[in-house]
Amino acid sequence: MTAFSYEEFTTRNIGFVTAREQETLKKGRLFIAGVGGMGGAAFATLVRAGIGHIAIADIDEFEVSNLNRQVSATMETVGMPKVAASVKMAQLINPEIDLKTFGGEWVSELDEITKDYSVIINGTDDVRATIALYRAAKASGATVIDAYASSLPSVYVVRPDAPRPEVRLNYPTTKHAVADITDEMVAECVVKELEYVVTHSSSIKYVEMDIAADFAAGKRSRFSFAPMVLTTGNMMAYEAIALMLGKRSKTDDRGYFFNPHKARTEKPLFAPLALAKGFVVRQFLKKMMGG
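Scope of this entry: the structure provided in the associated data block.

So, how was this worked out
Residues numbered from 1 in each chain as written. Predicted model: local features only at pLDDT ≥ 70, side-chain atom pairs only at ≥ 80, totals over all residues. Heavy atoms only, no water. Salt bridge = Lys/Arg side-chain N within 4 Å of Asp/Glu carboxyl O. Helix = DSSP H or I, 4+ residues; strand = E, 2+ residues; numbered from the N terminus. Buried < 20%, exposed > 50% of the residue type's maximum accessible area, 1.4 Å probe, protein only. Phe/Tyr/Trp six-rings, centres within 6.5 Å; stacked < 30°, edge-to-face > 60°. Lys NZ or Arg CZ within 6 Å of the ring centre and 35° of its normal. Pairing = 2+ DSSP bridges. Right-handed = clockwise from strand over helix to strand, strands pointing away.

## Focus: the pattern of salt bridges
If you walk through the whole model with that rule in mind, you get five salt bridges. The closest approach of N and O atoms between K247 and E21, which form a salt bridge, is 3.1 Å. Placement of the pair is K247 in the loop between α10 (226-244) and β7 (256-259) and E21 in helix α2 (residues 19-27), with a sequence separation of 226 residues. A relative accessible area of 43% places K247 in the partly exposed class. Its salt-bridge partner being D183, residue R128 comes within 2.7 Å of it at the nearest N-O pair. Here R128, found in helix α6 (residues 127-140), pairs with D183, found in helix α8 (residues 183-200); they are 55 residues apart in sequence, far enough to count as distant. Residue R128 is classed as partly exposed on the basis of its relative accessible area, which comes to 28%. Relative accessible area serves as the criterion here: at 56%, D183 is assigned to the exposed category.

## Some points on the packing of aromatic side chains
What the rule picks out here adds up to seven aromatic pairs. When the centroid spacing of 5.6 Å and the interplanar angle of 45° are considered together, the rings of F4 and F9 count as tilted. Taking relative accessible area as the criterion, F9 reaches 22% and is therefore assigned partly exposed. In textbook terms, an aromatic cluster arises when at least three aromatic residues are bridged by ring pairs, as seen for Y148, Y156, Y196 and F257. A cation over an aromatic ring shows up here: R168 above the ring of Y196, its NZ or CZ 5.2 Å from the ring centre.

## So, the pairing of strand β3 (residues 98-102)
Alignment of strand β2 (residues 53-57) against β3, held across five bridges, turns out to be parallel. Across the sheet, residue I56 finds its bridge partner in β3, namely T101. For the crossover from β2 across helix α4 (residues 82-93) to β3, the handedness is right-handed.

Structure (structure tokens):
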């Protein structure tokens with residue numbers, strides 16, 4: 001069996017990063033909440049980039065419907081906990097990696113997690129868990145990398161001093177404890193995010209809106225496509241690497257959308273235009289959802 005060498009494993013990284021930066025990445029620490037789609041893609045990329053210390057959390061098992069986009073999902077891992085399958089993959093790539101894992105208890109341990117890991121990738125689509133994560137990250141001074149529920153790859157970076165998404169997107173949860181968030185509030189949060197995406201990007205051109213409306217109304221599961229999911233995960237990985245290397249990217253808490261159909265990026269609209277378009281979008285979504 002070939003002996004593992006971290007130096008040989010990362011030798012082709014040098015040039016994109018310096019040898020000193022690679023050593024920084026080896027010492028780097030981050031937490032990924034959810035290692036299914038986007039979070040799983042980011043995890044796989046960061047493991048191959050040579051990040052030395054990663055904590056991951058997930059409560060689900062792989063299923064056949066995950067095979068279309070989740071990098072650790074194979075017919076061999078269907079029925080296997082996502083955390084266990086992801087750990088196995090990571091250790092086969094870098095046997096020296098330091099991994100810490102969490103199951104369903106991760107939300108209750110966020111105060112400690114966000115103190116231990118100042119770089120966080122949010123790969124969960126659980127609204128309550130996401131809100132808890134952001135609140136804990138702000139208190140601990142951690143930065144969260146996230147993406148919108150969009151048909152276009154997107155990424156945004158919420159630094160400790162930036163407004164939380166629940167504030168920026170006007171969620172109904174801002175004055176409520178996580179335990180007091182109702183299912184009706186969760187549904188409204190989903191619609192608020194969809195409103196933002198349709199208002200600030202051309203996502204509407206690249207998705208079946210009747211299906212999007214069914215998702216927003218809770219009538220079907222979130223739909224995903226490998227090129228979008230994997231691209232987003234890698235965009236998140238780039239932001240994480242920049243943070244670990246002490247480099248400040250231009251990505252802010254409002255983020256951007258990448259449109260591969262037009263080979264361009266799309267940034268959020270200025271407030272006056274967003275206000276006008278947002279009104280039209282709300283009426284459109286209300287009609288689509290039968291409201």
